There are 2 protein chains.
Amino acid sequence: MSGGVEWALHCCTLLSRASQPVPAVKLAEYHDVSPSYLAKQLQLMSRAGLVRSTQGNAGGYVLTRDAAAITVLDVVEAIDGVLPAFRCTEVRQRGPLATPAEQCADPCAIAKVMDSADRAWRDSLRAVTIADLVADADRQILPGAVERARAWLAS
Amino acid sequence: MSGGVEWALHCCTLLSRASQPVPAVKLAEYHDVSPSYLAKQLQLMSRAGLVRSTQGNAGGYVLTRDAAAITVLDVVEAIDGVLPAFRCTEVRQRGPLATPAEQCADPCAIAKVMDSADRAWRDSLRAVTIADLVADADRQILPGAVERARAWLAS
DNA sequence: GCTGCAATACTCGGATACCCGGTGTCCGAGTCTAACTGG
DNA sequence: CCAGTTAGACTCGGACACCGGGTATCCGAGTATTGCAGC
C-alpha cells in the first residue's frame, strides 16, 4: 500500500478539526512531511471528491462533507485506487491442458478466495469513519492539544 | 500483491493431485509460465516449509503435508512475506505539535484500523485450504480432466 | 468618502525526473540414476 | 550373476540484469486580497 495513505488520513483528521481552508504547505509543516509530495495526495483526494480546494489568498483544502460521512476506505481508494490487489490472469486457460473458455464463465476458485478476502478488507475499512479516528485520538492525547492545534492552524 | 502468488497457488493444487515429485520445469510448462521465474516462487515456498524439494533424476517438488493442512494464507505469506501492507511511521510524533513519545505507547487510531483490516484479510485467506480450492475446481472442470492431468504429469 | 481597477502575493494543478522493489533470467552446486566393469 | 565404481544427466539453489510504479520535485495557471487612483 502506498505510504501516502497515512499522510492523507492524518490530513483528513486535521481538516475535520479546522473550520477554515488549510493550505497544503501548512498541512505538510504540521506533519513534517514533504510539501510537494503531500500536494499530490491532496490532489488525488480532490479528484475523488473528498476535499474541496479554493485557490488564492487564504485558500486551501476543506472537507466536502462531515467527517462522519467519510470512511477510511474512501481515503484509501482515493490514493491507491479502487482496483483489487489480486488480478486473476486466467492461468487455467493456458498450457497443454487448458480449460476451454466456455467452461470459465465463473471465476476460478483462487479468484473467488482473493475477491472474498479483498471484500473483507474493504468492509473493515469502510466500517470506520474519519470521525471515529478523531474520537479515538482525542481519548489518547493530552488535554488542550486540540485547542493548541486549532491555534497553530490559525496562525 | 505479487503476481507469483497466483502461480504458486496453482502449483499447490497441481502438486496435491500428483503422487510423485514434479520438477519446476514441468510445473511451468503445465501452466505456460516462465520456468525461471516460477523456480523463484517454488524456492520461496520451499523456504517456508510448504513444499519439499528432491534433487537429481526423477526429482522435483512435493507438498510437505496434506492439502487440507495448507491454507491460502500460508502460500500468500510464503511468497509476499508476513509483513502487513500498512506500516505506521508515527506521524503523530513529528511536527511542531508532536505528541510526546511516552504518550504513544498504544498504536494510533489509524494503525489500529489498518491492523484490523489486515487481520480480517488474513483471516479470510486462512479459512480456505488448498484442498478446498481443488474441490471447487473439480466441480467446474470437465469429467476426466483430473485423470488427464495425472497422465500428463507422469509422461 | 466611495467605487472601480490593477497589481500582487498566494494557492492549487499537472508535467517532469529519480529510485527501489518486483520481474525475469542465468549458471553453478548437489544428487539420484544407471550403465559398466571386475570378481 | 552380483557388487562396487564411475560417468552422466537431471534437478534445485542462489546470484545477477531489467523495468515499471511509487516517490519526490518543480514550475505554470488561476484567484482572492488589497492598495491606489479617480470621481
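Check the entry above for the structure.
What this report covers is the structure whose coordinates are included nearby. These numbers come from a predicted model, not from an experiment.

Further remarks concern the overall build of chain A. Scanning chain A for helices and strands turns up 7 helices and 2 strands. Each helix (α) and strand (β) of chain A, taken in turn from the N terminus, gives the series α-α-α-β-β-α-α-α-α. The C-alpha radius of gyration of chain A comes to 20 Å, more than 25% above the 15 Å expected for a compact globule of 155 residues. Considering only C-alpha atoms, chain A reaches an extent of 70 × 35 × 25 Å along its principal axes. Scored against the burial criterion, the 155 residues of chain A give a buried share of 45%. In chain A, of all internal contacts separated by at least 6 residues, the share reaching a separation of at least 24 is 67%. When the accessible surface of chain A is totalled, it reaches about 7700 Å², and 52% of it is carbon and sulfur. The averaged location of the 17 negative side-chain charges in chain A is 4 Å from the averaged location of its 16 positive side-chain charges.

For the rest of this paragraph, the subject is the protein's contact with DNA strand C. Lining the immediate environment of DNA strand C, one finds 20 residues, of which Q43 and S53 of chain A together with S2, S34 and Y37 of chain B sit closest. Of all atoms in DNA strand C that approach within 4 Å of the protein, 73% are sugar or phosphate atoms. The separation between a phosphate oxygen of DNA strand C and a polar side-chain atom of S53 of chain A is 2.7 Å. Q55 of chain A has a polar side-chain atom sitting 3.5 Å from a sugar or linking oxygen of DNA strand C. Looking at the surface near DNA strand C, the elements that each hand over two or more residues are helix 3 (35-47) and strand 2 (60-63) of chain A together with helix 3 (35-48) of chain B. Within the surface near DNA strand C, the residues separate by chemical class into 4 nonpolar, 14 polar and 2 charged.

A separate point is the relation of the copies chain B and chain A. Mapping chain B onto chain A calls for a rotation angle of 180 degrees and an axial translation of 0.0 Å; the resulting RMSD is 0.1 Å. The operation mapping one copy onto its partner corresponds to a two-fold rotation axis. In terms of proximity to the rotation axis, the leading residue of chain B is W121 of chain B, whose C-alpha is 2.5 Å off the axis.

Interfaces are often sized by the amount of accessible area the parts lose when they come together. In this assembly, 50 residues from chain B lie in contact with 50 residues from chain A. Here chain B meets chain A over a buried area of about 4200 Å², counting both sides, of which 67% is carbon and sulfur. Among the residues chain B hides against chain A, the three largest losses belong to E6, L97 and Q140 of chain B. Together they make up 15% of the total. Here R94 of chain B makes a salt bridge to D32 of chain A, at a shortest N to O gap of 3.9 Å. At the surface where chain B touches chain A, the tally comes to 9 residue pairs in polar contact (both at pLDDT 80 or more). Mapped onto the side of chain B that touches chain A, the elements with two or more residues apiece are helix 1 (4-17), helix 2 (24-31), helix 4 (72-80), helix 5 (109-126), helix 6 (130-140) and helix 7 (145-154) of chain B.

This part takes up the protein's contact with DNA strand D. Inspection of the region around DNA strand D gives 19 residues, with S2, S34 and Y37 of chain A together with Q43 and S53 of chain B positioned closest. Those atoms of DNA strand D that come within 4 Å of the protein belong to sugar or phosphate at a rate of 70%. Q43 of chain B is positioned such that a nitrogen or oxygen atom in its side chain is 2.5 Å from a phosphate oxygen of DNA strand D. Within the backbone of G56 of chain B, a nitrogen or oxygen atom sits 3.3 Å from a sugar or linking oxygen of DNA strand D. Breaking the surface near DNA strand D down by element, the ones donating at least two residues are helix 3 of chain A together with helix 3 and strand 2 (60-63) of chain B. Of the residues assigned to the surface near DNA strand D, the class counts are 4 nonpolar, 13 polar and 2 charged.

Reading the values: rules and limits
Residues numbered from 1 in each chain as written. Chains lettered and ligands numbered in written order. Predicted model: local features only at pLDDT ≥ 70, side-chain atom pairs only at ≥ 80, totals over all residues. Heavy atoms only, no water. Helix = DSSP H or I, 4+ residues; strand = E, 2+ residues; numbered from the N terminus. Rg over C-alpha atoms; globule rule 2.2 N^0.38 Å. Buried < 20%, exposed > 50% of the residue type's maximum accessible area, 1.4 Å probe, protein only. Contact = heavy atoms within 4.5 Å. Areas by Shrake-Rupley, 256 points an atom, 1.4 Å probe, with all protein chains shown as cover. Lys, Arg positive; Asp, Glu negative; His and termini not counted. Charge placed at Lys NZ, Arg CZ, Asp CG, Glu CD. Near = heavy atom within 4 Å. Polar contact = N/O pair within 3.5 Å; in protein donor to acceptor, adjacent residues only side chain to side chain. Nonpolar A, V, L, I, M, F, W, Y, C, P; charged D, E, K, R; others polar. Least-squares fit on C-alpha atoms with pLDDT ≥ 70 in both. Buried area = accessible area lost by both parts, 1.4 Å probe. Salt bridge = Lys/Arg side-chain N within 4 Å of Asp/Glu carboxyl O.

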